[in-house]
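Fold and contact review
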Amino acid sequence: MMEEVDDEALLSKGEEDKKGIHLAISTQRPIDLELNCFEDRGKEQEDEEQKSTDGSLGASVPSQQELADFIKTHHRNLRSAVREKESADDAMAVWKRHLENKLSLDRYASSMRTLATTYWSNDKKKSSRIYWCLARMKEYFFEGGKLSCIEKDGRRRAFKRNGAIEEEDAMSKKPKLRESVPIDSLAILDVGSSFNAFAKHGLNVTALDIAPAEKNVIKCDFLQCPLVSTVSTSSESFQLARASYDVVIFNFLLSYIPTTSLRLLCIVKALACLNVNGILIITTPDSKHVGRGARWMKDWKLGVEHLCCRRWRYEKTENFHGMVFRKVEAMDGVDGSCEHDGQCVFNHENVNACECCVKSASLLWRPSDNVFTDK
């Protein structure tokens, strides 16, 4: 069993360049995301960010090794707490107790922020998970990726009806791309955001974290956050609205979540928040060769696609796996998809009766999971 597959990348993984991505916004033409031309955010702003980081940690900034060691220990402690637990209820109880350890969570948030802004800042931008997410959003929304997927859905439907593709019928329903798309029109939910790395790129981001490292990140446990049809303006707590986001981002989030049942809940809730044809972006750390994680990634693909979505992109970079899943209509899902779109996960009485959800949960394992000794 590979115990440290999700932690080995900590010392080598780079977050992103200290240069912001240039997002050219125009009302006369489609948005142009200049991913190859990073714009200098200004030395003064960078100095302020560095002072803020150093000041929050005291006069002496911990070494990269010290920070990585603490983060790995934090992960191990959480896994150990669920080692003997078997049911989803037990796992949730452990998770709730974990959230009560404010001192450890705050130190974890501070450590992750320092690693990203101090030690990972000189990493090549193309190996950054932030850059990877931005590039996939550009490709899907502004370079025809979404349109291509919708056209494929039409051909797939025609084939199911007639056993052959009716090209004319499929093309007649071809949707049109908008001539002008402001970048801030995309509603993005960044779960496990830490210090809201996407905010500086001109995006409309709602950032959540159980231990925010910045004031513009909402303190919220995504697993327990209320999911509503319409957000109440009188509510004092943050609420998630169904079908209200174009993008949901899980940057290294699922590697933190300790059990398959809780990962399933995360994914189902994310899909509930997405509009149809919205995308769920998942990155998870792994610095080993792509072949070592082949079975793992294949199982994740099958597990997530059973929840009425389709994988659109996959890439193994030097330090992480990157995946993009697209939420689809029930008729466009893979064969054997959950007829409830995975929503039965919210009802513990029904989840065990739903074969699709039970199967999806079993497939969302990680090599570091203590309970999966057969992997």
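Note: the structure precedes this text.
To keep things clear, this report deals only with the structure shown in the data block.

Cut-offs used in this document
- Residues numbered from 1 in each chain as written.
- Predicted model: local features only at pLDDT ≥ 70, side-chain atom pairs only at ≥ 80, totals over all residues.
- Heavy atoms only, no water.
- Helix = DSSP H or I, 4+ residues; strand = E, 2+ residues; numbered from the N terminus.
- Buried < 20%, exposed > 50% of the residue type's maximum accessible area, 1.4 Å probe, protein only.
- Contact = heavy atoms within 4.5 Å.
- Areas by Shrake-Rupley, 256 points an atom, 1.4 Å probe, with all protein chains shown as cover.
- Salt bridge = Lys/Arg side-chain N within 4 Å of Asp/Glu carboxyl O.
- Lys, Arg positive; Asp, Glu negative; His and termini not counted.
- Polar contact = N/O pair within 3.5 Å; in protein donor to acceptor, adjacent residues only side chain to side chain.
- Phe/Tyr/Trp six-rings, centres within 6.5 Å; stacked < 30°, edge-to-face > 60°.
- 1 Å grid on protein atoms, 1.4 Å probe; cavity = no way out; pocket = protein on both sides within 12 Å on 5 of 7 lines; lining within 4 Å.
- Points joined across faces, edges and corners; volume = space filled by probe spheres on them.
- Nonpolar A, V, L, I, M, F, W, Y, C, P; charged D, E, K, R; others polar.
- Pairing = 2+ DSSP bridges.

When helices and strands are tallied, the chain shows 12 helices and 11 strands. The burial tally for the chain puts 54% of its 375 residues in the buried class. Restricting to contacts in the chain with at least 6 residues of sequence separation, those with at least 24 account for 71%. Taken as a whole, the chain presents about 17,700 Å² of accessible surface, with 48% of it coming from carbon and sulfur.

Turning next to the pattern of salt bridges. Per the counting criterion, the structure on display carries 10 salt bridges. The partner of Lys-138 in a salt bridge is Glu-143, and the shortest N-O contact between them spans 3.0 Å. Residue classification places Glu-143 among the partly exposed positions, given a relative accessible area of 48%. A salt bridge links Asp-153 to Arg-326; the nearest nitrogen and oxygen atoms lie 2.9 Å apart.

Let's shift gears to the side chain of Asp-286. Positionally, Asp-286 belongs in the loop between strand S9 (274-285) and helix H10 (294-305). We note that Asp-286 is buried and unpaired, the nearest opposite charge coming from Lys-316 at a distance of 5.1 Å. Of note is the side chain of Asp-286, whose polar atom sits 3.0 Å from the backbone nitrogen of Lys-288.

To continue, consider the packing of aromatic side chains. Following the criterion strictly, the structure yields 9 aromatic pairs and no others. Each ring, one from Tyr-108 and one from Tyr-256, has its centre 5.2 Å from the other, and the planes form 80°; the classification is edge-to-face. Of this pair, Tyr-108 sits in helix H4 (residues 102-119) while Tyr-256 sits in helix H8 (residues 253-256), placing them 148 residues apart in sequence. Each member of the pair, Tyr-108 together with Tyr-256, is buried.

It is worth spelling out empty space enclosed by the protein at this point. The tally for this structure, following the rule as stated, stands at 4 cavities of 30 Å³ or more. Considering the residues around the largest cavity, the lining is formed by 35 residues, among which Tyr-108, Gly-192, Asp-209, Asn-251 and Tyr-256 are closest to the centre. Ranked by the residues each element gives to the lining of the largest cavity, the list is headed by H4, at 4 residues. Among the residues forming the lining of the largest cavity, the class breakdown is 23 nonpolar, 6 polar and 6 charged.

As a further point, take the pairing of strand S4 (residues 204-209). Every regular strand shows the same layout, with side chains that alternate between the two sheet faces. Taking burial as the measure, the 6 residues of S4 include 5 buried ones, the bulk of the element. Both strand S3 (residues 187-191) and S4 contribute to a ladder of 5 bridges, which runs parallel. Each bridged residue has a counterpart across the sheet, and for Leu-189 the counterpart in S4 is Thr-206. When S4 meets strand S5 (residues 218-219), the two strands line up parallel, connected through 2 bridges. Within S5, the residue paired with Asp-209 across the bridge is Lys-219.

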